[in-house]
Amino acid sequence: MAHLEALLAEIDRQATVLAGEVVRLRRDFHRHPELSHEEERTARVAADYLAGLGLTVTTGIAGHGVMGVLKGGRPGRAVAYRADMDALPLEEGVESAWRSRAPGVMHACGHDLHLSIALGAARLLSGMRERLAGEIRFLCQPAEEGPPRGNASGARGMVAAGVLNGPPAAAVIGLHVAPQLDVGQVRYCPEVVMAGSDHLVLTIQGKAAHGATPHRGVDAIAASAQVLAQVQAVLLHEVDARHPVVLTFGKIEGGARFNILADRVVLEGSLRFLDERVRQKVLRSLKRRLAGLSQALEVELDLATTDIYPILKNDPALAERAAAVLTRVLGARHVQAHQPAMGSEDFSYFAAKAPAFYFFLGVRTPGAKGEPLHSPLFNPDEAALPVGLKASASLLAVLAEENS
Ligand SMILES: [Zn+2]
Ligand SMILES: [Zn+2]
C-alpha cells in the first residue's frame, strides 16, 4: 500500500510538471487533423514519440494503428490504454492560434485530447518504469468515427490484430471528453456505458404505374407511411417501457416523378439499445409486423441489418476499483457515477474482449455553454488535460499491480 501511495503522489507531481507538454501535443494534433483511416501524420508523430520514450512500438495495425509497450520493472499484469486519433469532416468555426490547418477537417470529437493524454501518460509512466508493475500497452487507434459508411472500425481491427492478447490484458482503459461536464470533473457508469447500434436498411418494393391509375400498380410511398407507423408501434406497444431503445430513420429515398407511382422506397436508420434481449425482441417484432404488412399491402418488404457497435459495458468489479482510484486522486467531489447514454463508440470492441473501464472527462469551462461534440464550435477547455493525464496514469499504474 505504501508503495502505491508513493507512486500516486509522484504521478500527481509529474502530471502538473507535464501539463504544458500535453497542451503542446494537443495543439499540434489539433492543427493537423486527419479523417478516419487517413491518420498518417498523427500516427507517425505518436509512434516517434513513444519510441523516443524507449517503448517497444508497432505501427500499421489495422491501418494506421500504433501500439507502444512499456514494461515495468516489477512483475504484474498487462493493462491497455486506448486513445482514438481520427478527426471529422467539418470546417472549424473556432478561432485560435492552433486552429485546424486542414480545410474541411476538424478535431471536433476531442480525439486530439485523447491522444495527447495517452502520450503524456506514456511519458509520465516511462519516467518511473522501474517502480511500475506489469506492462502497459498504449493503443493509438485509427477510425473511431469511420463506420458505417463502408469504413471498418479501427477498434475492431486492432482487437482482431491481437493487441489485447499474449499476455491477455487484465484491463483496458479508455476515456472520452465530455463538453456537458465541467472541467475538473469525471463521470463513469458502473456497468452499461453506451448503446449498441445496428444500421437498418428497409426496402419497400411495389409496382410502378401511371399516377392516374394507382389500381394498376402498388404504391411504395403510400406503403412506406404504413411501415413507419408499424415501426413506431413496435417501440410503443412491444417493448417494456423501462428498457431504453431508439429506432430512427434518417434517410428515405424513392420515386422518379410526380405522376408516376413509386415502385420502390428505401429507408435507412439506426436501432440503439442497452440490452441485447431488447434488440432481439425489436428485430423479431419488426419482422413479424413487416411480414403481415407485406401481405396486406401486396408489397415486398426486406429488412437488412448490419451491426455497427456492440453495447459498451464496463466490467462492474473493475469499474468499482477504478472509481476508487479516481476518487483517491481527484477527490470524491470530482467523480460522479452516471446513467448510460444512447450514443455508441467502438471502444465496445475492446470491452467485449477484456475487462474494460471507460470514463468521461469534463472539458466545459465553468459557466460556459459547452458546445457539443461534432459541432464546428466544439472548444474544450485545455485545463482538462492534466486532469485526464493524472487520472489515466494513476489508473494504469494501479491496475498493473498484481493484486489490484
Ligand atoms: Zn465522435
Ligand atoms: Zn469521439
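All of these numbers come straight from a predicted model, not from anything done at the bench. (Residues numbered from 1 in each chain as written. Chains lettered and ligands numbered in written order. Predicted model: local features only at pLDDT ≥ 70, side-chain atom pairs only at ≥ 80, totals over all residues. Heavy atoms only, no water.)

Participant: With reference to specific residues and values, describe the side chain of Asn 314.
Facilitator: Tracing the backbone through its elements, the reader meets Asn 314 in the loop between strand S12 (312–313) and helix H8 (316–330). Judged by relative accessible area, Asn 314 falls into the buried class, the value being 2%. Of note is the side chain of Asn 314, whose polar atom sits 2.8 Å from the backbone oxygen of Cys 189. Within the structure, the side chain of Asn 314 is placed 2.8 Å from the backbone nitrogen of Tyr 358, a separation counted as a polar contact. Those residues within four positions of Asn 314 in sequence are excluded, and the remaining contacts are Cys 189, Pro 190, Glu 191, Val 193, Ala 319, Ala 356, Phe 357 and Tyr 358. (Helix = DSSP H or I, 4+ residues; strand = E, 2+ residues; numbered from the N terminus. Buried < 20%, exposed > 50% of the residue type's maximum accessible area, 1.4 Å probe, protein only. Polar contact = N/O pair within 3.5 Å; in protein donor to acceptor, adjacent residues only side chain to side chain. Contact = heavy atoms within 4.5 Å.)

Participant: Outline the nonpolar core, listing residues and values.
Facilitator: Judged by nonpolar contacts, the single largest core of 74 residues is most densely connected at Leu 124, Leu 125, Phe 138, Leu 326, Phe 357, Phe 359 and Leu 395. When residues in this core are grouped by element, the largest group, 11 residues, is from helix H10 (residues 384–399). Not counting residues within four places of it along the chain, the set of residues in contact with Leu 124 comprises Ile 11, Gln 14, Ala 15, Leu 18, Leu 389 and Ala 393. Formed by 30 residues, the second largest nonpolar core is a distinct cluster that contains Ile 204, Leu 267, Phe 273 and Leu 290. (Core = buried A, V, L, I, M, F, W, Y, C linked by side-chain atoms within 4.5 Å.)

Participant: Any chance you could break down the coordination of the zinc ion (ligand 1) for me, citing the residues and the numbers?
Facilitator: Protein coordination at the zinc ion (ligand 1): the donors are Cys 109 (SG), Glu 145 (OE), Glu 145 (OE) and His 374 (NE2), at 2.0 to 2.8 Å from the metal. The coordination sphere of the zinc ion (ligand 1) comprises four donor atoms, whose angles at the metal cover 52 to 151 degrees; the geometry is irregular. In this structure, the zinc ion (ligand 1) lies 3.2 Å away from the zinc ion (ligand 2), the two metals sharing Cys 109 as a donor. Of this pair, Cys 109 sits in the loop between strand S3 (74–84) and helix H4 (111–126) while Glu 145 sits in the loop between strand S4 (133–141) and helix H5 (154–160), and the two are 36 residues apart along the sequence. For the pair shown, Cys 109 and Glu 145 are each scored as buried. (Donors = N, O, S within 2.8 Å, 3.2 Å for Na, K, Ca; no water. Tetrahedral: all angles 85-135°; square planar, octahedral: opposite > 155°, others 65-115°.)

Participant: Lay out the pattern of salt bridges in plain terms, naming residues and giving numbers.
Facilitator: Under the criterion given, the structure shown has 27 salt bridges. Glu 21 serves as the salt-bridge partner of Arg 123, at 3.1 Å between the closest nitrogen and oxygen. With a gap of 102 residues between them, Arg 123 in helix H4 and Glu 21 in helix H2 (residues 19–31) connect regions that are remote in the sequence. The class for Glu 21 is buried, based on a relative accessible area of 16%. A network of salt bridges, in which partner residues are shared, links Arg 26, Arg 27, Asp 112 and Glu 382. (Salt bridge = Lys/Arg side-chain N within 4 Å of Asp/Glu carboxyl O.)

Participant: Give me the lowdown on the sheet that holds S3, citing residues and values where you can.
Facilitator: With mixed pairing, the eight strands of this open sheet are ordered in space as S1-S2-S4-S3-S5-S14-S6-S13. Each edge of the open sheet carries a strand with a single partner, namely strand S1 (56–61) and strand S13 (335–337). Adjacent strand axes in the sheet meet at a mean angle of 25 degrees, parallel and antiparallel pairs treated alike. Where strand S5 (residues 171–182) and strand S14 (residues 356–364) come together, eight bridges link them in parallel fashion. Its bridge partner being in S14, Val 172 is matched across the sheet by Ala 356. (Pairing = 2+ DSSP bridges. Axes fitted to C-alpha atoms, helices over the stretch in contact; angles between N-to-C directions.)

All quantities given are derived from atomic positions and should not be read as evidence of function.
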